[in-house]
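The lines below spell out each chain.
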Amino acid sequence: MSSLPTGMVTFLFTDIERSVSHWERDPEAMRSKLSVHDRLVRESVASRGGAVFKSLGDGMCAAFESVPPAVNAAVSIQRRLRENAVLADLRVRMAIHAGEVEERDGDYLGPPVNRVARLLTATHGGQTIVSGAARDACGGQVGAGVELIDLGEHRLRDLARPSRVYQVVHPDLPSEFPPLASLDRVLHNLPIRLTRFVGRERELAELDEAIEESRLVSLTGVGGSGKTRLALQAAADRVEEHPGGVWFVDLAPLEDPRNVWRAVASAVGVREDEPGPLPDQVIERLSGEPTLVLLDNCEHVIEEAAAVADRLLRSGSAIRVVATSREPLGVPGEVVWPVVPLSHPTGGESTVEEVADHDAVELFLDRARLAAPRFEMTDETAPAVAEVCRRLDGIPLAVELAAARARTLPVAEIARRLDDRLSLLIGGGRTALPRHRTLRAAIDWSHELLDLEERAVFRRLAVFVGGWTLDAAERVVPDPVPDPAGEEDEEPDGRAAPRIDREAVLDLLSRLVDKSLVHLEEVDGEPRYGFVETIREYARERLVDAGAARDALRRRHLDWCVELAVDLYGRPDQVQRDPEDRQQTTTRVVDREIDNLRAALRRCVESGEGIDSMVRILHGTDDYWTANGMATEGAEWVRRALEIGPESDLRRFQGLTTMTYMLGAIGEFDEGTEYGDRALALARGLESDEHLLEALAVASRVRFIGGRIDEAVSLAEEGLALARGSGANWRAGILFLMLLGEWYRAEGRFDEARAMYEDGIRKAEEFGFRGWLRMGLFNLGQALLELGEVERALGSYRRSYALGSSSRLALNRYLPVLGTAQALAARAEHERATRLFAAVERGLEERGMPFDVYEPVGRPLRDRAVAACRDAI
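What comes next concerns the included structure. Note that this is a predicted model, so its numbers are computed, not measured. (Residues numbered from 1 in each chain as written. Predicted model: local features only at pLDDT ≥ 70, side-chain atom pairs only at ≥ 80, totals over all residues. Heavy atoms only, no water.)

A word on the overall build of the protein chain
Tallying secondary structure elements over the protein chain gives 37 helices and 15 strands in all. The contacts of the protein chain with a sequence gap of at least 6 include a subset with a gap of at least 24, amounting to 71%. When the accessible surface of the protein chain is summed, it comes to about 37800 Å², and 48% of that surface belongs to carbon and sulfur atoms. (Helix = DSSP H or I, 4+ residues; strand = E, 2+ residues; numbered from the N terminus. Contact = heavy atoms within 4.5 Å. Areas by Shrake-Rupley, 256 points an atom, 1.4 Å probe, with all protein chains shown as cover.)

Dropping the structure here:
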């Protein structure tokens, strides 16, 4: 890689003409020929100072520091191919181009690479052509006996302006070839594009395959997603497969759907004054050789465009149709091909190398250089470029509009101003379609095509953050029955919005997906909907315009978040669930909905209203914050709620217990003890065994792990007596048994510890608390090992381990292994024990958890076992 030229580089690309037919005719012979061919090419390139840096199919890509060596290498290859009897039937085409590129990891990035590839597609087998840029770079001087013959200007398939092309001529090589297979030599009306097509190589290949296999392919996507540009490039790449012509039909200017046939007729050269119905004339003109018709911007004339496409397809198998639209045409046999945003940074990328490896960034840099020719991305500006492309969701139109601002704003300032992206991104070219001159106009176009019901659902969905499920939409989006007075939704123009019933939500949501305003994906096997952030911002603006209905909608969103949290925690009338299963379910659900929950919490704090609901959310999801390293954030939310002040004693109690639990998780034991005492005092006044057990559990736990053992034991004994007497909440009761067992074991009272653990195990089995059962079996093993009952201890550890754990807490995964190592050491199986100790230590350290912080009560036991292993080994 270090030997590859950089900066201004000359490229030589080669390709074997009709190689597929050679492979199909005789694969073994072709494999042998290709081996000789590759060696011959590499030798000729290397002997002239070049380097082959990549193979593409049956072709080679080589780089040189200047043009003359590349030309002479091409002449050498062509001569040796003709002289080699084995390769005499292979005809290799070659193209040479020069330009400024960036070398990365043994490959090149930049427009010249795409340009030479397009140049190669216009060349014939046995022919070598040189771009005008390469010819100018060497002044036409390429070596003795070699000439460059002017073939004139040609349009290549990159749809750029025509450029001059030259043919390499040598006395030992043929010089007569058919006209270049450029766009000038085929039937088409594809427009010239003044900017280059960037990225999407994988999408182009997949789209080409889809067009080959299906006669109707519809590219769908949100406004500005690049449907037209991608379709045009795919059509240009297929001109050879459609000798009957490739015809571009722009439907965007049409206001009357009845003019669709006229637009198609005009594109293919049919005059309206010719005899016969216009559709029949068009079909007659297109019949015969394979033809491709590209219907662009169908969404506002969707029914007539669909009828035209259907008629064209039914007229004969020679016609294929590619359409672009915000929604599918709905024609039989249609393949819907969603155009997704460009690949873009997702966060954390900081260097030029990390940032540049995305199509959205390549597009930004290309368009920024058009606006400010001296613009370059450095390690200092790369994070800002990444931020721009990320926050614009990789939407091509948005990225291009942002890049245009590089003429007047530093890229860091562009990134900073994206909080108001719909106002910042103004400035499309004067010749662009009006709806493509600003990002807001592009989305306006899609929005105006919605009916009133679709508009109402579209703006109401903006209340969600980070996506939503169908169940969530059906709970939040419909109008409440009956309507609160004065809170009816309305259109921005003052018209009453249509009522949305729960039964209609699925159909309306599906219609928004079809129109590319909402995206649908599968998460954990379940469908999940969402906006790209740019569309959500637009929808949020529309929601603000809806007036009082916005506040009612936010209350329904808050109510949904509360219901979600209450269901996760478990309702009082439900059977108690295994705490570990509850924790895993909570983590899985809240991972998806955390942005919605944060939005609801933030609105409560900002408005000072709904604080009781805020507490219920935090109380119901307490496991999520503590089990996922987010207890500091969780505690801050609870603190804000308690400062504002819940309305009821019950919500204040839930806030205090949640705060105690979270403070214990982050090591703030003194403050946690204070909150625990407040919760305990409040619980004693609520006259509820359930609440008193919960308060005793959190208050004793935070004291125990904070080192206030005697106080913790006193509270645990009270809690255990209450649990035994009332039979309520054995989820808390088992905690007391385990905590007291830990205390007895720390005091050296191992028989009493064993009794507590065995009682806890029985209760865990009775209630199906798998997590407590696993922990109880481990703790029992520790007590048995201290009592010298090694075999029973080993069996208890093994039972604990066999229960498995999908918890994210490393403690649950490694403690049974640690116990087994201790038991093996006690049986003098020191080598096996050492391996297990090492496995536990390494596993914990890989997760950032020091080995010596686990199971502090059992530390003397572990230390003795480790010392015995070291002595023995």
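Quick notes on the nonpolar core
Of all hydrophobic cores here, the largest spans 129 residues; its most connected members are Phe458, Leu461, Trp468, Ile617 and Trp625. With eleven residues, helix H31 (residues 730-746) is the single largest residue contributor to this core. Residues within four places of Trp468 in sequence aside, it is in contact with Leu461, Ala473, Leu509, Val518, Arg528, Tyr529, Gly530 and Phe531. Formed by 35 residues, the second largest nonpolar core is a distinct cluster that contains Met30, Ala62, Ala70 and Leu87. (Core = buried A, V, L, I, M, F, W, Y, C linked by side-chain atoms within 4.5 Å. Buried < 20%, exposed > 50% of the residue type's maximum accessible area, 1.4 Å probe, protein only.)

Some remarks on the pattern of salt bridges
By the definition in use, this model includes 51 salt bridges. Arg460 is the salt-bridge partner of Asp479, the closest N and O atoms lying 3.1 Å from each other. With Asp479 in the loop between helix H19 (470-476) and helix H20 (505-514) and Arg460 in helix H18 (residues 452-460), this pair connects stretches of sequence that are 19 residues apart. The pair formed by Asp479 and Arg460 is uniform in burial state, with each residue classed as buried. For Glu711, the salt bridge is made with Arg708, and the minimal N-O distance between the two is 3.3 Å. Classification of Glu711 as partly exposed rests on a relative accessible area of 35%. Several salt bridges share partner residues, and in doing so they unite Asp751, Arg754, Glu758, Glu789 and Arg792 into one network. (Salt bridge = Lys/Arg side-chain N within 4 Å of Asp/Glu carboxyl O.)

Re the pairing of strand E1 (residues 7-16)
Along E1, eight of the ten residues are buried, which leaves the element largely enclosed by surrounding structure. With ten bridges joining them, E1 and strand E4 (residues 92-104) adopt antiparallel strand pairing. Each residue of the ladder has a partner; that of Thr10, found in E4, is Ala98. Across four bridges, E1 lies against strand E3 (residues 59-64) in antiparallel orientation. When the sheet's bridge partners are listed, Thr10 is paired in E3 with Phe64. (Pairing = 2+ DSSP bridges.)

Focus: the packing of aromatic side chains
Applying the stated criterion across every chain, the model contains twelve aromatic pairs. Summarising the aromatic geometry, the rings of Phe11 and Tyr108 are spaced 5.1 Å apart at their centres and angled 80° between planes, so their arrangement reads as edge-to-face. Remark: Tyr108 occurs in strand E5 (residues 107-109) and Phe11 occurs in strand E1; sequence separation between them is 97 residues. What makes Phe11 buried here is its relative accessible area of 0%. By relative accessible area, Tyr108 is classed as buried at 3%. Between the aromatic rings of Phe458 and Phe531, the centroid separation amounts to 5.6 Å while the plane-to-plane angle is 80°, which identifies the pairing as edge-to-face. In this pair, Phe458 is assigned in helix H18 and Phe531 in the loop between strand E15 (526-530) and helix H21 (533-545), connecting sequence segments 73 residues apart. Using a relative accessible area of 0% as the deciding quantity, one classes Phe458 as buried. (Phe/Tyr/Trp six-rings, centres within 6.5 Å; stacked < 30°, edge-to-face > 60°.)

Focus: the packing of H31 against helix H32 (residues 750-767)
Contact geometry for H31 and H32: axes closest at 8 Å, N-to-C directions at 160°. Considering the angle they form, H31 stands roughly antiparallel to H32. As for the relative orientation of H31 and H32, their crossing is left-handed in sense. Each of Trp730, Ile734, Leu737, Met738, Leu740, Gly741, Glu742, Tyr744 and Arg745 in H31 lies in contact with H32, whose residues at this interface are Phe750, Glu752, Ala753, Met756, Tyr757, Asp759, Gly760, Ile761, Lys763, Ala764 and Phe767. (Axes fitted to C-alpha atoms, helices over the stretch in contact; angles between N-to-C directions. Parallel < 35°, antiparallel > 145°, perpendicular 65-115°, else oblique. Left-handed = near helix turned anticlockwise from the far one by under 90°.)

Brief notes about the sheet that holds strand E9 (residues 216-220)
Reading across from one edge, E10-E11-E12-E9-E13 is the order of the five strands in this open sheet, with parallel pairing throughout. What marks the edges here is a single partner per strand, and that holds for strand E10 (246-250) and strand E13 (335-338). On average, each strand axis in the sheet is inclined to that of its neighbour by 20°, with strand direction left out of account. Of the pairings in the sheet, the one linking E10 to strand E11 (residues 291-296) comprises five bridges and is parallel in character. From the neighbouring strand, Phe248 faces E11, where its bridge partner is Leu294. Across the sheet, helix H8 (residues 260-268) is in contact with E10 and E11; its angle to E10 comes to roughly 140°.

Points about H18
Counting buried positions over the nine residues of H18 gives seven, a clear majority of the element. Residues Glu454, Arg455, Ala456, Val457, Phe458, Arg459 and Arg460 constitute the buried set of H18. For H18, the N-terminal cap is Asp451; the gap from its side-chain oxygen to the backbone nitrogen of Glu453 is 3.2 Å. (Polar contact = N/O pair within 3.5 Å; in protein donor to acceptor, adjacent residues only side chain to side chain.)

Points about a negative patch on the surface
A surface patch of like charges, here negative, comprises Asp105, Glu353, Glu354, Asp357, Asp379 and Glu380. Its place among the elements puts Asp379 in the loop between helix H12 (359-371) and helix H13 (382-391). (Patch = residues over 30% accessible without salt bridge, like charges linked within 9 Å, V, L, I, M, F, W, Y side chains within 5 Å. Lys, Arg positive; Asp, Glu negative; His and termini not counted. Charge placed at Lys NZ, Arg CZ, Asp CG, Glu CD.)

Focus: the side chain of Glu299
Mapped onto the elements, Glu299 comes out in the loop between E11 and helix H10 (302-314). Within polar-contact distance, the side chain of Glu299 engages the backbone nitrogen of Arg326 at 3.1 Å.

A word on unusual backbone geometry
Glycine aside, residues mostly have negative phi angles, and peptide bonds mostly take the trans form. Unusually for a residue other than glycine, Asn297 sits at a positive phi of about 65°. Examined against the element boundaries, Asn297 turns out to sit in the loop between E11 and H10. Of note in this structure, Ala828 is not a glycine but carries a positive phi near 65°. Relative to the assigned elements, Ala828 resides in the loop between helix H35 (810-826) and helix H36 (830-846).

Quick notes on the environment of Arg118
By the element assignment, Arg118 lies in helix H4 (residues 111-121). Accessibility expressed as a relative area gives 16% for Arg118, which makes it buried. Note: C-alpha distance between Arg118 and Asp237 (119 residues apart in sequence) is 9.0 Å.

Section: the packing of helix H27 (residues 649-665) against helix H28 (residues 669-686)
Helix packing geometry: the angle between the two helix axes and the distance between the axes. At a minimum axis distance of 8 Å, the contact between H27 and H28 shows a crossing angle of 150°. As judged from the angle between their axes, H27 and H28 are roughly antiparallel. You can see that H27 and H28 cross each other, and the crossing is left-handed. Counted together, Asp649, Arg652, Phe653, Leu656, Thr657, Met659, Thr660, Leu663 and Gly664 of H27 and Phe669, Glu671, Gly672, Tyr675, Gly676, Arg678, Ala679, Leu682, Ala683 and Leu686 of H28 form the full contact between these two elements. Broken down by class, the residue content of the contact of H27 with H28 amounts to ten nonpolar, five polar and four charged. (Nonpolar A, V, L, I, M, F, W, Y, C, P; charged D, E, K, R; others polar.)

Structural notes on the state of the cysteines
For the structure shown, the criterion picks out zero disulfides. Summary of cysteine pairing: Cys561 is not part of a disulfide, and the nearest cysteine sulfur, belonging to Cys604, is at 8.7 Å. In this structure Cys604 comes out as buried when scored by relative accessible area, which is 2%. (Disulfide = S-S within 2.5 Å.)

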